[in-house]
Amino acid sequence: MTRLWKDGSLVQVEQDPRGRVDSFAWNGRTHAVEKVWQHWQVDSDWWTEEGRVHRDYQAVTTTDGLLCVLYFDFQDEEWYLSKLYD
Amino acid sequence: MTEGYAELHAHSYFSLLDGASSPEDLIRTAQELGLSAMALTDHNSLAGVVRFWKAAKEKGFPAIFGAEVTLADEHHPAARGVQFVPPEPQGGHLTLLVENREGYASLCRLLSAAHLKDTPRDAAGAMTTDPKEWPGKAKPAVTWEMLEENHRGLLALSGCRRGPIAKALLDRQPERATEAAGRLCDLLGREQVWIELEHHYLPEDGRLAASLIRLARSLNLPIVATNNVHYALQSGSRLRDALLAIDQNMTLTEARRAGFLPYNSNYYLASPQEMTERFRSLPQALKNTLVIAERCEFEPDFSSRRLPNFQVPDGLSEFEYLYQLCHQGLPKRYPQLKPAVLKQLAHELSVIEQAGLAGYFLIVWDIVRFSRERGIRCQGRGSAANSIVAYLLGITSVDPLAHDLLFERFLSSDRYTTPDIDIDFAADRREEVIQYVYERYGASHTAMVCNVVTYQARSAVRDLGKALGFPLPVVDRLAKSIDWRSALPAADQILKSVDGEITAGHPLGMLADLMRQIQDCPRHLAIHVGGMLITAQPLDEVVPLERATMPGRVVCQWNKDSVEDAGLIKIDILGLRTLGLITEALSYIEGAQPDLDALPLDDPEIYKMLQAGDTIGTFQVESRAQQQMLPRHRPEKFEDIVVEVAIVRPGPIQGGAVHPYLRRRAGLEPVTYLHPSLEPALRETLGVLIFQEQVIRVAMVASGFTAGEADQLRRAMSRSRSLEAMQAMRDRFIQGALANGMEQATAEETFRQLEGFASYGFCKSHAASFALIAYQTLHLKRYYAPEFYCALLNQQPMGFYSTEVIIGDAKRHGVELLPPEINRSDWKYLLERTPDGRRALRMGLRATLGLGESGWERILAARSQNNFSCLRDFCERTNLPQSTVSNLIRAGLFDAFGPRRKLLWELGEIDYRPEELPLVLLVMDVHLPELEAGEETLWEYELLGLSPNGQLMRHYRPALERAGALSTAEVKAQPEGEYVRLGGMVAVKQRPGTAKGMVFISLEDETGLVDVVVRPNVYEKFLPLLRHQLFVLLEGVVQRGSGAISVLVTRALEFRSLAGTIGEEKLRPPTAPDEYSSENYTLPR
């Protein structure tokens, strides 16, 4: 089952020099990234009451078999887990 | 390693509503980022190309020309004739770049074809002028056939995601992509086509790039990287989002939901480092940007053979013919020939010959000749009046030698730029002249110059407010509350209006932020008021052409500045209602008409009028500000009128020139010069800068500039230039001044004064041309008042005052106004002989609300048989609707047949349905009460816009007297410093940007007009009683500064509570008076 967090679940991320996710720590476990499959950015809704969405997304697979989407929020400068495909 | 990078796909704000940066900002940023070159590829447009080219040249940065064209999509439902299609763009995008001169012409032709597609034409190929058939502006579309005809010298990049190739791949239709790429190669040649790769960090970028690379390999086509730029810096993305929403007439949220907004803000100018990172695995894509940039090294020369050859008599060259015409003009213009005339003529002819401009003068001469032959009054204005050649050819009417005009302001021997000849034609016949130019030089060589309509404060608030999702009433209220024309100060005003702190997401904060960015951003292209571009080359090889909104009219994509900067020549064919007024007034004169062009310019009666400020209705000297100035200035000779025309302008006012000039003229302060060397340049204006020519003269005498250099300095100061360019000019000026013995501080102060003045100053020759027309209208007003007022009223709207104010002025000059009368009035005002033999004005029916020209034609047709004998006769013979007849009764047109109320009753009893026999009903003899005081007057104001029987304020007089208010005539009789109360109707209201928030009101009542001045603090304090009010009751102090009378307001009172009401609240309040504008507003119709 795919798990989706509306606002993301906070994660700790290590990146390579090009800014791609190398590994991330979530729920007390560190997951090494096997491959970054997609990399995209969103900058939208800056005019709304809810506020701007300005994020850098990466869809990755991990060495332990997870397929997930992480994003870096440019506004609070934190990484989040957005989706986890099971 | 960082690769070099040239950006080959960039949009400026000339991609209307899809780009957020100026061409200059793009160039500046590209250079700062270290790009090797940049192409400007606006959507279907070269409107920004001259500014781009010029900015690049100034910075020594390589510029490439191009456009992103919209392809007509055969697969799109609209192309198959389906009317209702989803709101998605038609066709795909293709990036085209100019490789050489031929490519530039190809692109111009291609864009013209795309814009002019489906233009209805008659059998002879001329565009239709039928408004019903004219499609107006339309979305351009390039067909493959057009591209086939116009591709030489063009390179093609396959385009963005909306390009035919990328779009097919995103749709997972590789065959269609291959087919499109093949078609492009077949058309343009394989060596002209590149597969364009973009990387904006969009979800499908990777897949799309991989597909494009596969396609490129399979077809053996090279790849190239671009960033499809839509703003110079990332911060510009918000404005672009807002513009995209505005373009769709949606809010930002709606536009995002409908898919019109990009996912992110990565469409900025990226540095070579950033592009290297994005295309790390594809270095060839970056290298190819440089290959293309090298291939596109093309320096345009728009000015070669800029004008068509003028047909001259056999055996003569253009110059010889010009020489001959000038000498033929000598006896008329200079009956007593002096050596100075011949010397100046020889000098000018020599400059004109060297500049290759003989043909230009002949073309303009020919237009003026045509115009005069057909009785179309015309006169050159602007800097051309500095030229004796223009004077001898009859293009201008002011003798440049007699008025010490400076030829170098027009043209100089060391600056062969394009001179500008502007000619005013009687407005009602200007179209005939335009059509003559089209016929003479051909539609393919002639077009109107466009006007780039940019965002100003109110349009910005309206469009941006709606995009941000503000409720429409809020948008409307905000727009109306703005006191500024420019969006920048308006943004500050909006922020100041908010109580408390503006947080980051505050809607008004966002609005203000966007308003700051949108200033100067083009909204759309319109037709310039009169600029016509005539070229030797087919015009569609020089600049793309578009359909205008006006039927049969085509405009080029460049505005007047771009035309000038491209080195082309335009001729301004302007419409001036005053010239129509003069023609019409002359036609009313019985007996011999005066020769206005040969008037002696020293008539004491004219100067008496000027000194008294008796100038309503005359040209250029009638405004409220002029009337305040005239009694202080007290013109005594023609040169004083020239100064008068030039001095009431933002330049001299902002530069603080007005008061020093007046004080010096009155002998209240000594005439001094910043430096003795400036005396020759400034002597005629008592040491004060008033004319643009003086900037040139000062630069020449103070700093040793040549005439051409000095004029370049003036031009640089008068148009926005980069800080660096201005600094270089300043350094050059100060060095020259120091070398000429001026102190550093004096040199700096002189430059500061020149700079402050140059942007708004009038050129003397222009002021002299206008002063001459002013003199002619003063002459007509003084000696032919009935004819003058009749023509003036018929030419409305024009000038500064409402019809009502003009009629009040006519009455004060002894010209009687006769009310409209159904058996006597014409459509327009006409002159009628009164029993005592004077000529009076008979009001026309044009002003009558709800009648319309078709109604008038029915009246005229019926009346041409017999006059109307009674109301029933009128109704039965005209069959006009009852509502119209009711209006005519209430406006007083049937007063000869009985009291209005009785006639209205009678109208209800008349049955006159068309095509039926008249049914005679018995009219009941009823007793109807008299109309209340003022009721008739109110009806007249409502239906005619004024009352022929007297000004509305007369009905308030008793109440105003009881309230202790004086009439305007009584106020004018009060001494300086007297505290007065007065009430009246607002005739004109102004809040000029140059007056630091002061508000000027001309107040009218049944006794005349008086000016009142409201300081900003008083205005703010009494805002509800002053803003949008037709009637005001004020208190203040009488000021009699050197003859000009005004009241400085200290307090405003509630008009109705003191003066009462006669029901005038039924009249609609004045329509949106622009308090910052110079335009007057009048009673609404």
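Because the structure is a prediction, the values reported are computed rather than measured. (Residues numbered from 1 in each chain as written. Chains lettered and ligands numbered in written order. Predicted model: local features only at pLDDT ≥ 70, side-chain atom pairs only at ≥ 80, totals over all residues. Heavy atoms only, no water.)

J.: Help me understand the sheet that holds strand β15 (residues 817-818) of chain B in this model?
T.: In sheet architecture, strand pairing relies on hydrogen bonds along the backbone and comes in two forms, parallel and antiparallel. All names here are of chain B. Spatially, the 3 strands line up as an open sheet ordered β15-β17-β16, and their pairing is mixed. Strands at the two margins of the open sheet, each flanked by one partner only, are β15 and β16 (830-833). Relative to strand β17 (residues 839-842), β16 is paired through 4 bridges, and the arrangement is antiparallel. Among the inter-strand pairings, E832 is bridged to a residue of β17, identified as A840. (Pairing = 2+ DSSP bridges. Helix = DSSP H or I, 4+ residues; strand = E, 2+ residues; numbered from the N terminus.)

J.: Please clarify how unusual backbone geometry should be interpreted in this entry.
T.: Excluding glycine, residues mostly carry a negative phi; peptide bonds, for their part, are mostly trans. Residue and element names in this part refer to chain B. Along the chain, Q796 connects to P797 via a cis peptide bond; the corresponding omega equals 5°. If you trace the backbone, P797 turns up in the loop between α34 (785-794) and α35 (803-812). A positive phi angle is found at N220, which is not glycine, with a value near 60°. Considering the arrangement of structural elements, one finds N220 in the loop between α7 (205-219) and β7 (223-226). Using a relative accessible area of 64% as the deciding quantity, one classes N220 as exposed. Notably, L686 is not glycine yet its phi reads approximately 55°, a positive angle. Along the chain, the position of L686 falls in the loop between α28 (679-682) and α29 (692-703). The partly exposed category is assigned to L686, whose relative accessible area is 21%. (Buried < 20%, exposed > 50% of the residue type's maximum accessible area, 1.4 Å probe, protein only.)

J.: Sorry, what's going on with the environment of G984 of chain B here?
T.: All names here are of chain B. Looking at the element boundaries, G984 is found in strand β18 (residues 979-990). Given the relative accessible area of 0%, G984 is considered buried. Residues G984 and L1009, spaced 25 residues apart in sequence, show a C-alpha to C-alpha distance of 8.9 Å.

J.: Just checking my understanding: could you explain the interface of chain A and chain B for this structure?
T.: One frequently used descriptor of interface size is the decrease in accessible area upon assembly of the parts. Listed by partner, the interface residues are 14 residues for chain A and 19 residues for chain B. Here chain A meets chain B over a buried area of about 1,500 Å², counting both sides, of which 51% is carbon and sulfur. The largest per-residue losses of area from chain A upon contact with chain B belong to Q41, W46 and W47 of chain A, which jointly make up 49% of the total buried on that side. The interface formed by chain A and chain B includes 2 salt bridges. Between D45 of chain A and R256 of chain B there is a salt bridge, with the nearest N and O atoms lying 2.5 Å from each other. Seen at the junction of chain A and chain B, the total is 9 residue pairs in polar contact (both at pLDDT 80 or more). Per element, the largest residue contribution to the side of chain A that touches chain B is 7 residues, and it comes from strand β3 (residues 29-44) of chain A. (Contact = heavy atoms within 4.5 Å. Buried area = accessible area lost by both parts, 1.4 Å probe. Salt bridge = Lys/Arg side-chain N within 4 Å of Asp/Glu carboxyl O. Polar contact = N/O pair within 3.5 Å; in protein donor to acceptor, adjacent residues only side chain to side chain.)

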